[in-house]
Amino acid sequence: MGIFRGYIIEELKNSAKKLGVPADTLESLEFNVEPPTKSDLDADYTSNIAFKLARHLKKNPKLIAEELRETLSENLNFSQVQVGGNGFLNFKLSRGGELVERVIKDALFGKLRIAEPNPRKVLFEFVSANPTGPLNVVNGRAATIGDILANVFQRAGHQVSREYYVNDLGGQIEKLADSVLARLKQLLGEDVPLPEGGYPGEYLIDIAKKFMETHSGDLKLPDEVLREKLLKFTIDEIVSWQRRSLERFGVRYDTWFRQSQLTGELKKVMRILEEKGLLYQEDGAIVFKTTVYGDDKDRVVRKRDGTWTYFAYDIAYISNKYSRGFQYLLTILGPDHHGYIKRLLAATKALGYDPETHEILLHQLVTLTYGGKEVRMSKRQGKFVTLDELLDSVDRDVARYFFITRLKDTHLEFDVELALRASMDNPVYYVKYSHARICSVFRKGNLTDEEVESLASSLNLRELLEEREFEVIKAIDEAYSSLRSAYLLREPYYLTLWAYNAAYAFHKFYDTCKIIGSKRQDIRLVISLAFKRRLSDWASIVGVSLPEEM
RNA sequence: GCGCCUGUAGCUCAGCUGGAUAGAGCAUGGGAUUUCUAAUCCCAGGGUCGCAGGUUCGAAUCCUGCCAGGCGCGCCA
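What you see is a predicted model, and the numbers here were worked out from it, not measured in a lab. (Residues numbered from 1 in each chain as written. Chains lettered and ligands numbered in written order. Predicted model: local features only at pLDDT ≥ 70, side-chain atom pairs only at ≥ 80, totals over all residues. Heavy atoms only, no water.)

### A short note on the pattern of salt bridges
Then comes step 1: One pass over the full model with this rule turns up 42 salt bridges.
Then comes step 2: Across the pair D236 and R258 runs a salt bridge whose closest N-O atoms are separated by 2.9 Å. Here the residue D236 occupies a position in helix α9 (residues 223-248), and R258 occupies one in strand β7 (residues 255-258), the gap between them amounting to 22 residues.
Then comes step 3: Across the salt bridge formed by R524 and E466, the nearest N and O atoms sit 2.8 Å from each other. Of this pair, R524 sits in helix α20 (residues 521-542) while E466 sits in the loop between α17 (449-458) and α18 (467-488), placing them 58 residues apart in sequence.
Then comes step 4: Residue class for R524 comes out buried when judged on its relative accessible area of 7%.
Then comes step 5: Its relative accessible area of 35% is what places E466 among the partly exposed residues.
Then comes step 6: A single salt-bridge network, built from bridges that share partners, covers D44, R95, E467, E471 and K474. (Salt bridge = Lys/Arg side-chain N within 4 Å of Asp/Glu carboxyl O. Helix = DSSP H or I, 4+ residues; strand = E, 2+ residues; numbered from the N terminus. Buried < 20%, exposed > 50% of the residue type's maximum accessible area, 1.4 Å probe, protein only.)

Spelled out as structure tokens, the structure:
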């Protein structure tokens, strides 16, 4: 929540109590305390509490605001409390005092976190691309969102696990097997065409080559056996590519879970559904009555040919996740899966789990552009931009940052040209530069972080600050609100928004407030260190590095 | 046809649990540098919030209908 905002909220509640508002209505009031949107307003925070109270008290909001203001005017932590507009309460904070000291100390010694009364064991599943080829740019977006949200959840005290689901069974995998076998035969000099609808990508040739080198003894085996061995080799190979790409991108998984591990669980869940009378036969297939739980139509779980559908395995997978002790499941899917949500939740319900503990998030696509011109991606044509190709040209931090500069629900336009420009119009560098500047100041002053830290203990941190110094303090404290928004709305975007605004406050401070050699040197060093530590803490959530110099 | 997402400044987007004169970055024009790194800071111009109704003290925000774009509607995964 942040020290400043939290304090104002408490004070407003106390004031409202004095006006005779019952405690329980106050708890359910849901009023805001936020920075004003009007920039010409002389206030740090503004609250709509009077509007919300107006409904309960049946009184003019402006009158209520006036009454609240009366009770707050003596408070030394506010230099000004005003009623504006039709009833907004506008707060200007004192530029020094106990609250400021608390913010500085919190940034110096504390860690960003969220008060979550109900911490749980949470499983994050994200990316989970088929092991049929390299990861692409959209997978990169999913990876970033999932990884950062997992970090955010950790800050709320949840015990988080990251999992990648490997779909190593099914029709696509059979096609993969046929494709790579054809490539191998071609390499062995046979005139074999690629199968219809197979995977034409050149990367399968590389895999076939590697197989030839490492498994030369197996090449004479009968086709069936050879195909089996080659397929296993291929999947392992592609999964390790994917893992390497993700690690290069700064994303590490706790578990790589294979669909083929679910065969036992599958029988178990089907028995459960059977016992509940949720399965029926149709044209030789087995169908699950998902409509009972709100799906648009019933879904086939076993095909007429006797094989299980992908969905059937997913039911088993859900059961498996819960049975491993996870209390909350978070699954991040691409936009092409939105029709899938209802049936996944139907499965959750049918298995007897609370659908409230299974959250499915969607993110939208990524359009890659180069100087405004769209770069087309098509997996079918074997022509698409891989995550590795992107990382070959674009800095990892820039890529991560770009992926969350938009809400996940909107299409993201990733301009490679802009990302490549290491200049002022690239927001990542703007943020990094603020860190580099602080390091530079400390170097100039021949000071380590620890030395600056010890200055803090001998300094009066309640003294009145100059306006731009105080703006940095306020920005430091606002990190809590951004983390909270990111958590509650499941939107990493708010984290980048904070970083930009905070860096702006710092650059502005730096611009006019000389540090080394100034009369205010010590307090400014401490403010800089507080900012630096808060920014580093932020960077560990977002997963970007901060340079000592640029 | 049905479902999900989107439509706000020239461009990319915030704001959407209803509240003040609708914001930011980029781009454009102007200004600041014997600098703790100017990868910075300051100023300016720029808007029928897709369209039309409705709800109310008040709508970019909620409801309905329409228009436009993206994606999805398999016994594929």
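### Observations regarding the sheet that holds β7
Then comes step 1: In space, the 5 strands of this open sheet follow the order β7-β6-β5-β11-β12, with parallel pairing throughout. Because the sheet does not close on itself, it has two edges, and the strands there are β7 and β12 (358-362). Within this sheet the neighbouring strands show an average axis-to-axis angle of 25°, counted without direction.
Then comes step 2: By the bridge criterion, 5 bridges tie strand β11 (residues 328-333) to β12 in an arrangement that is parallel. Note that in β12 the partner of T331 across the bridge is I360.
Then comes step 3: The sheet contacts of α9 involve β6 (159-166) and β7, and relative to β7 the element is tilted by about 150°.
Then comes step 4: Together, β11 and β12 form the strand contacts of helix α12 (residues 341-350), whose direction differs from that of β12 by roughly 170°. (Pairing = 2+ DSSP bridges. Axes fitted to C-alpha atoms, helices over the stretch in contact; angles between N-to-C directions. Contact = heavy atoms within 4.5 Å.)

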